[in-house]
There are 2 protein chains.
Amino acid sequence: MNKIKPRTLSGFMELSPRRQIQFDRIRDILAQVYRLYGFGPLDTPAVEAAEVLLAKGGGETEKQIYRFTKGGSDLALRFDLTVPLAKYAALHYNELAFPFRRYQIGKVYRGERAQRGRFREFYQADIDIVGDGKLDILNEAEIPAVIYHAFAALGLRRFKIRVNNRKVLGGLFDLMGLGEKSAEVMRTVDKLEKIGPDKTAAILTEELGMAQDDARALLDLLQSPDPMAALAAYQGKNPLLDQGIEELSAIARHMEGFGVPADFFMIDLTIARGLDYYTGSVYETVMLDHPEIGSICSGGRYDNLAEYYTDKQLPGVGISIGLTRLFYVLEEQGMLNDQPAPAPADALLLPMTADLGPAVALATALRSQGLRAQIYTEPKKFKAKMAYADKIGVPYVLFLGEDEIAAGAVSIKDMGSGLQQTLPLDQAAAFIQQGLAAQAGGKPIKE
Amino acid sequence: MNKIKPRTLSGFMELSPRRQIQFDRIRDILAQVYRLYGFGPLDTPAVEAAEVLLAKGGGETEKQIYRFTKGGSDLALRFDLTVPLAKYAALHYNELAFPFRRYQIGKVYRGERAQRGRFREFYQADIDIVGDGKLDILNEAEIPAVIYHAFAALGLRRFKIRVNNRKVLGGLFDLMGLGEKSAEVMRTVDKLEKIGPDKTAAILTEELGMAQDDARALLDLLQSPDPMAALAAYQGKNPLLDQGIEELSAIARHMEGFGVPADFFMIDLTIARGLDYYTGSVYETVMLDHPEIGSICSGGRYDNLAEYYTDKQLPGVGISIGLTRLFYVLEEQGMLNDQPAPAPADALLLPMTADLGPAVALATALRSQGLRAQIYTEPKKFKAKMAYADKIGVPYVLFLGEDEIAAGAVSIKDMGSGLQQTLPLDQAAAFIQQGLAAQAGGKPIKE
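Note that this is a predicted model, so its numbers are computed, not measured.

Participant: What's the story with the sheet that holds strand 1 (residues 40-41) of chain B in this structure? I'm lost.
Facilitator: Two pairing modes exist for strands in a sheet, parallel and antiparallel, and in both the strands are linked by backbone hydrogen bonds. Residues and elements named next belong to chain B. One open sheet accounts for eight strands, arranged 1-5-6-11-10-9-7-8; its pairing is mixed. Of all the strands in the sheet, just strand 1 and strand 8 (265-267) have a single pairing partner and so form its edges. Judged from the three bridges that link them, strand 9 (residues 278-287) and strand 10 (residues 298-302) form a sheet pairing that is antiparallel. By the bridge assignment for strand 10, Tyr283 is matched with Gly299.

This is how it looks when you write it as structure tokens:
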């Protein structure tokens, strides 16, 4: 028969069994933390009507989208989880309770140019809180707490959540008479960390026509080591700025109450986030030892989630973690923790007799106590069986030979230490559980 | 602004928040049971090269597939999880440990004619054990155990796993001289339950040319109340039949050891499964009170998983649960359990003061003890707040008014019983945890 060459598309992540276990651990912990904060799951289709997904239209999105027809319908794969949320909130407005808190962890699709570390199919792990007409600032203060607890639960230790407020930036730009150019100034300021203050100043003055002194004063302010104190000098001069300062203060004030250590949080007036639709708080999260990766969790406050679908005003706040890219980076940096062992089973049973009945009975007993057990069924040589155990990385191998069966016992090898001992059958589960519990503190990320 | 009408495509399931929680519970329990049996997770892309997905080609598959081009590449959405597994096993043959046990729960796509209860995007929850060259019969015996424990863990009580063996059928057909028509007879027999013995006999005689007596003898045998005893009369006459009988016996023999109660398992010679590639055991699972739904979990043994991609012989055994359809049926039948409450939070905090600090502190304390807590942040009237609590179905509402704050206490309302009491702050978590634990036995399905 002619064979088709098996291949996986470029830009589509497909993990090895052990890596998949590690990926799933990270995904599950994120979901668990999201749930702790009262976010409920949502699972919208990956395929939507193209007209719905492209309601906003324009720009990079249309170029990157996977779009196709089927039975006369114009369809597309979702390119983020925000547009489907907007559709969902508009479509089910009458059935939903607002504020509506949802998390969604799912695959999205962007036909970007394939390059190392860039994916065309990738997971986003999003949370959003969507209000009906209004949404209290406390929700914006809660977001850094979710970010902190999520990454802390994953085992990350050296990261910083940076928070800014678009109203502060907008108010300052107003004050400086930049009203019409506000959006361009915002985008320029957003590049500050990347291109440095001199180039930023040059763009502000040469391209956007700011006076040298104003540009310098703005950059000094934005980079001030004590931004709230620096902002105080501008208070009472512009209502938008005042509101922004108040919101930033409210967020900072609640950090301790939300359990976010001071070291992990900072107000950073230089971040702006590129997206036009943010109107209040904006968030970025950086790994302190890997600033080159950029933000691993970003988002912000928006005033009108579903404006393309409904007249209802649905303000909200949300963040997104690019999970596939994060996982790729963690693997590249050697930051995936191999403890506990990313194995498909806790115990591998190696029957040494033709009758597999005793192995079946033991596997059933172990499983009934919550242990993941696998019976190695193939009549191979001992060496091949042990090679299999090594390859799947199982932490415990259980031998059931004639002697063990006659004695109602099992020989258990701890694959980590290499130690082997024979125990009565009914002590096997507890022994393995104790061993596993000793490793259970391990988090998916090591730093 | 012109609005786009928000809509979700027909045939694409999109659940309400409470239903999504119930769906996720079912999905997570299936994954957990699969893991107990030593299956590791796999997550292949939803998009593959069309050439790869359609390697087998032909038939309904090609008509139903979502196929499109992007940047010159001919792509398609996967229509099952078996073809991607075959590709994965062939592509990563050298890195995998065989027998390779994987589970995959993911969405697949089929552009079927839309009708009630039929989905174009739906979850399959699959397990497969793939051997390298050989695979012991014990693996086929383990499959009913996984099916039993999966549905039992979901709360299903009245179901039956039916097992047959294609070698038995093939051997019998050989014996009766039907060699060339074997596949057609197999398909006819598979319809027996649906169309009844008379129509089946008519097809066998009139269309497939069997003698009246032979057809009747075959149908009597297949429908025998004691199939193993009935088969014994045919033993020693055909090697394929003998092997099939031996395999069926081995499976039946191990059911008790694998913890499958006799009531939940039967050998049923009338099931054949339509797919050509099964070569040994075949499985179906029916809900006893809803036979009209058909099999909710099916699969079988195959000899050559990846023949379109590789010369390696990869025999295996697997089953698939059509999760989206199962969920749809359970909802239709009123079989989804509302206990424990499918709410996005265990506790909803209602601050009654302008200062939200005490609510933030309490929410943080509850979350640190593993409770899912949400603060209701909007300055609405009491009635609106309670309506919100009702709508999200939260089991406990916590009031923090001035009196409570002054006393270091919180008033907790059990939304199930309507009872309300005031407790010291540091007893709140334990109180709620006790209440939740009392409900925790609830399984996702009630019968």
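Participant: Before we go on, may I ask you to explain the sheet that holds strand 16 (residues 420-424) of chain B in this structure?
Facilitator: All names here are of chain B. Here we have five strands laid out as an open sheet, ordered 13-12-14-15-16, and mixed in their pairing. The open sheet is flanked by strand 13 (373-375) and strand 16, the only strands paired with a single partner. In this sheet, adjacent strand axes meet at a mean angle of 25 degrees when their direction is disregarded. With four bridges connecting them, strand 14 (residues 396-400) and strand 15 (residues 409-414) associate as antiparallel partners. When the bridges of strand 15 are listed, Leu398 appears paired with Ile412.

Participant: How should I be thinking about the environment of Glu447(A) in this particular structure?
Facilitator: All names here are of chain A. Position of Glu447 relative to the elements: it lies in the segment after helix 16 (428-439). In sequence terms Glu447 and Leu156 are 291 residues apart; their C-alpha atoms lie 6.5 Å from each other. Apart from residues no more than four positions distant in its own chain, Glu447 is found in contact with Gly155, Leu156, Arg157, Arg158, Asp289 and Met335. Among the polar contacts listed, one links the side chain of Glu447 to the backbone nitrogen of Arg157, at a separation of 2.3 Å. Among the polar contacts listed, one links the side chain of Glu447 to the backbone nitrogen of Arg158, at a separation of 2.8 Å.

Participant: Just checking my understanding: could you explain the relation of the copies chain A and chain B for this structure?
Facilitator: Put simply, the second copy of the chain is the first one after a rotation about an axis and a shift along it. In the superposition of chain A on chain B (RMSD 0.0 Å, axial shift 0.0 Å), the rotation amounts to 180 degrees. What the superposition gives is, in effect, a two-fold axis relating one chain to the other. Distance from the rotation axis, computed per C-alpha, reaches its smallest value in chain A at Phe68(A): 2.9 Å. Most of the interface of chain A is mirrored in chain B, where 100% of its interface residues again form contacts.

Participant: What's the story with helix 11 (residues 239-254) of chain B in this structure? I'm lost.
Facilitator: Quick reminder: α-helices carry 3.6 residues per turn. Residues three or four places apart thus point the same way. The terminal C-alpha atoms of helix 11 of chain B lie 23 Å apart, and with 16 residues this matches the ideal 22 Å at 1.5 Å per residue to within 8%. All buried positions along helix 11 of chain B are accounted for by Leu241(B), Gly244(B), Ile245(B), Glu247(B), Leu248(B), Ala250(B), Ile251(B) and His254(B).

Participant: Could you clarify how one ought to interpret the interface of chain A and chain B in this entry?
Facilitator: A common way to report how large an interface is uses the accessible area buried once the components associate. Listed per partner, the contact involves 98 residues of chain A and 98 residues of chain B. Carbon and sulfur atoms make up 59% of the area that chain A and chain B hide from each other, which totals about 8000 Å². Across the chain A-chain B interface, the total number found is 10 salt bridges. Our enumeration of links across chain A and chain B arrives at 46 residue pairs in polar contact (both at pLDDT 80 or more). Ranked by the residues each element gives to the side of chain A that touches chain B, the list is headed by helix 1 (residues 17-36) of chain A, at six residues. Within the side of chain A that touches chain B, the residues separate by chemical class into 52 nonpolar, 21 polar and 25 charged.

Participant: Is there a simple way to explain the pattern of salt bridges in this structure?
Facilitator: In a structure, side chains of opposite charge can pair up when their charged atoms sit close to one another. Evaluated as defined, the whole model comprises 54 salt bridges over all chains. Two residues, Glu247(A) and Lys167(A), come together in a salt bridge whose shortest N-O distance is 2.7 Å. Within this pair, whereas Glu247(A) is found in helix 11 (residues 239-254), its partner Lys167(A) is found in helix 6 (residues 166-175), the two being separated by 80 residues in sequence. Each member of the pair, Glu247(A) together with Lys167(A), is buried. For Asp128(B), the salt bridge is made with Arg102(B), and the minimal N-O distance between the two is 3.1 Å. Remark: Arg102(B) occurs in strand 5 (residues 100-109) and Asp128(B) occurs in strand 6 (residues 121-130); sequence separation between them is 26 residues. The same class applies to Asp128(B) and to Arg102(B), which are both buried. Shared partners join several salt bridges into a network, and the residues in it are Arg162(A), Glu193(A), Asp268(A), Arg273(A) and Glu284(A).

Here is what the cut-offs are and how they apply
- Residues numbered from 1 in each chain as written.
- Chains lettered and ligands numbered in written order.
- Predicted model: local features only at pLDDT ≥ 70, side-chain atom pairs only at ≥ 80, totals over all residues.
- Heavy atoms only, no water.
- Pairing = 2+ DSSP bridges.
- Helix = DSSP H or I, 4+ residues; strand = E, 2+ residues; numbered from the N terminus.
- Axes fitted to C-alpha atoms, helices over the stretch in contact; angles between N-to-C directions.
- Contact = heavy atoms within 4.5 Å.
- Polar contact = N/O pair within 3.5 Å; in protein donor to acceptor, adjacent residues only side chain to side chain.
- Least-squares fit on C-alpha atoms with pLDDT ≥ 70 in both.
- Expected span 1.5 Å × (residues − 1).
- Buried < 20%, exposed > 50% of the residue type's maximum accessible area, 1.4 Å probe, protein only.
- Buried area = accessible area lost by both parts, 1.4 Å probe.
- Salt bridge = Lys/Arg side-chain N within 4 Å of Asp/Glu carboxyl O.
- Nonpolar A, V, L, I, M, F, W, Y, C, P; charged D, E, K, R; others polar.

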